[in-house]
Amino acid sequence: MIAFDDARRVVLTAAGIMAAQRIPVNISMGRVLAEDVFSPEHLPSFDNTAMDGFALATGGQAVAEGTELVVSAALAAGEAAPAGCEGACEIMTGAPMPDGLDAVIPVENVVVLELDAEQRPQRIRLLHAVLPGANVRRRGQDISAGDLVIPSGTRIGAPERMVLAALGIADVPVRKLPVAALLTTGRELVDDPGQALLPGQIRNSNGPFLADRLVECDAELRIRQSLPDEAGAFTDAVRRCLQAGVELIISTGAVSMGRYDFIPDASHYAIVDDALLEPSGTDNINRLNAGSVCLCDRHRGELVCQPVFDPTLDDDRRGDLCTPTDDRFEGDARGRVPCRRRASGVWY
């Protein structure tokens, strides 16, 4: 019998980090970056206005309140800046700054003195002084080309997706999702919720709970199976899991000292290079010891977890092994903090 925190420490120490793969950014939500992401370009990529108003040239000095200027052009976001603007240019938020103009006065800080036939400003007076660079977002002001924008180990969320989109990054290197299997043991278990219970039977509640937790933690649940209390059936199931490419095996039950608790007997088995062996002696590496967490890492690094769950145990406590273990597999540098209450009890 070992404490819960000790069991989790064993798992996290044993769990390796998955290999990397490149995927499109549009399906990267929730995945963990396998490498640092550097900006391929400046953001913004050109000088632009932060306000609706009028762009003007300051000549490096403040333009005084009361100055009157001719409006020679108008520019909206998405349009190319006109060449050779004289006086002022009516400009909309996000539009590129015309060459030679270096400041913007907001539209509410001017008086329009003259309009053309289409009601466009032709002449304005400044209600406030304008300093060089006022209300202009400079090229590379937010991010410069070559900057580290998202470090390796970051779980991609909406803010990261926004940055990647803004920088024109189409795909990213992320950690592969672990492929999991869930094996629940016990002849007393009934999987079908609609089936009437016979004397001595109970409903399988751990199976659905753990299956959902694995999916919530981003694992691909490739195999889920209920097994009788037979060592042979268990080892056959483990073999099928490994042949199916499973990298994380979680099983429940059969770890106590009763006649049908076969996991202690399974300590005679080892998993090496995807094969179940039955050796004896000191060469038996990473055995399936009763009630312990075992790493079988001779070839692909499969992780076998054998916890016991009481259906009445705190759900947060039962799930607290899945989340940090999967974060470790995915290389999540920060980790998702599980909402676990400090319930009394031990981890068997």
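Computed from a prediction, not measured in an experiment: that's the story for all the values here.

Reading the values: rules and limits
- Residue numbering note: each chain is counted from 1, following its sequence as written.
- The predicted origin of the model limits local features to residues at a pLDDT of at least 70 and limits the giving and counting of side-chain atom pairs to 80 or more, whereas totals for whole chains, interfaces and linings rest on all residues.
- Calculation of side-chain values draws on the structure's entire complement of heavy atoms; hydrogens and water are dropped beforehand.
- Secondary structure is summarised from DSSP: a helix means a run of H or I of at least four residues, a strand means a run of E of at least two, and numbering begins at the N terminus for each.
- Burial classification: accessible surface area is computed with a 1.4 Å probe over protein chains only, and a residue below 20% of its type maximum counts as buried, one above 50% as exposed, and the rest as partly exposed.
- Definition of a polar contact: a pair of N or O atoms within 3.5 Å, with one able to donate and the other able to accept a hydrogen when the atoms are protein atoms, and with sequence-neighbouring residues admitted only if both atoms are side-chain atoms.
- The contact rule is simple, with two residues in contact once any of their heavy atoms fall within 4.5 Å.
- Regarding the arc, it is the one traced by the directions from the helix axis to the C-beta atoms.
- Two strands qualify as a pair provided DSSP detects at least 2 bridges between them.
- A fitted line through C-alpha atoms serves as each axis, taken over the contacting stretch for helices, and the angle formed by two N-to-C directions is quoted from 0 to 180°.
- Within the patch definition used here, like charges are joined within 9 Å and nonpolar side chains (Val, Leu, Ile, Met, Phe, Trp, Tyr) within 5 Å, considering only residues with over 30% relative accessible area and no salt bridge.
- Surface exposure here means Shrake-Rupley accessible area, sampled with a 1.4 Å probe, where a residue is shielded only by the protein chains that are shown.
- Take a side-chain nitrogen of Lys or Arg and a carboxyl oxygen of Asp or Glu: if they are within 4 Å of each other, that pair is a salt bridge.
- As a per-residue measure, pLDDT tells how confident the predictor is, with possible values from 0 to 100.

Trainee: Please clarify how the environment of Arg-187 should be interpreted in this entry.
Mentor: Turning to its location among the elements, Arg-187 is positioned in the loop between strand E13 (179-185) and strand E14 (189-190). Classification of Arg-187 by relative accessible area gives exposed; the value is 53%. In the structure, Arg-187 is positioned 13 residues away from Gly-200 in sequence and 9.6 Å away in space, judged by C-alpha atoms.

Trainee: What is the right way to read the side chain of Thr-58 from this model?
Mentor: Within the secondary structure, Thr-58 sits in the loop between strand E4 (53-56) and strand E5 (68-75). Under the relative-accessibility criterion, Thr-58 is labelled buried at 9%. In this structure the side chain of Thr-58 is engaged in a polar contact, spanning 3.2 Å, whose partner is the backbone nitrogen of Gly-60. With residues near it in sequence (within four places) discarded, Thr-58 still touches Val-63, Asp-102, Ala-103, Val-130, Leu-131 and Pro-132.

Trainee: Is there a simple way to explain helix H1 (residues 4-14) in this structure?
Mentor: Since the α-helix packs 3.6 residues into each turn, any two residues three or four apart lie on the same face. Restricting attention to buried positions, one finds in H1 the residues Phe-4, Ala-7, Val-11 and Ala-14. Taken around the axis of H1, the buried residues stretch over an arc of 100°, which confines them to a single face.

Trainee: Please explain the side chain of Asn-204 as it appears in this structure.
Mentor: One can find Asn-204 in the loop between strand E15 (202-203) and helix H3 (206-216). A polar side-chain atom of Asn-204 sits 3.4 Å from a polar atom in the side chain of Thr-184. Among the polar contacts made by the side chain of Asn-204, one reaches the main-chain amide nitrogen of Gly-207 at a distance of 2.9 Å. Every residue in contact with Asn-204, bar those within four places of it in the chain, is listed here: Thr-184, Leu-189, Val-190, Asp-191 and Ser-226.

Trainee: Is there a simple way to think about the pairing of E5 in this case?
Mentor: Strand residues, when the strand is regular, have side chains that alternate between the two faces of the sheet. Strand direction decides the pairing type here: E5 and strand E9 (residues 121-126), joined by three bridges, are antiparallel. Bridge pairing in E9 links Leu-69 to Ile-124. With four bridges connecting them, E5 and strand E6 (residues 88-91) associate as parallel partners. Across the sheet, Ala-73 pairs through a bridge with Cys-89, a residue of E6.

Trainee: Can you walk me through the sheet that holds E4 in this structure?
Mentor: Think of a sheet as strands paired side by side through backbone hydrogen bonds, with each pair either parallel or antiparallel. The strand order across the open sheet built from six strands is E7-E4-E6-E5-E9-E8, with neighbouring strands paired in mixed fashion. The open sheet is flanked by strand E7 (103-106) and strand E8 (110-115), the only strands paired with a single partner. On average, each strand axis in the sheet is tilted by 35° relative to the strand beside it, whichever way the strands run.

Trainee: I tried to follow a nonpolar patch on the surface on my own but got confused; where do I start?
Mentor: A surface patch of nonpolar side chains, about 190 Å² in accessible area, is lined by Val-111, Leu-113 and Leu-127. Topologically, Val-111 is positioned in strand E8.

Trainee: Please clarify how H3 should be interpreted in this entry.
Mentor: Listing the buried residues of H3 in full gives Asn-206, Gly-207, Phe-209, Leu-210, Ala-211, Arg-213 and Leu-214. Phi turns positive one or two residues past the end of H3, at Asp-218, with a value near 80°.

Trainee: Explain the confidence of the model for the chain to me, please; I cannot follow it from the model alone.
Mentor: Keep in mind that low pLDDT regions are not for reading the predicted coordinates in detail. Per-residue confidence for the chain averages 79 on the pLDDT scale, and 72% of its residues sit at or above 70. A low-confidence stretch, residues 267-319 stays under pLDDT 50, and its non-local contacts, those more than four residues away or across chains, total 132 contacts. Taken as a whole, residues 336-348 scores under 50 in pLDDT and shows 38 contacts with residues more than four places along the chain or in a different chain.

Trainee: Even after reading the chapter, I still don't get unusual backbone geometry, so can you show me in this structure?
Mentor: For the bond from Leu-43 to Pro-44, the omega torsion is -5°, close enough to zero to count as cis. Locating Pro-44 in the fold gives a position in the loop between strand E2 (37-38) and strand E3 (48-49). For Gln-119, which is not glycine, the phi torsion reads 65° and is therefore positive. Secondary-structure assignment places Gln-119 in the loop between E8 and E9. The phi torsion at Asp-218 lies on the positive side, around 80°, for a residue other than glycine.

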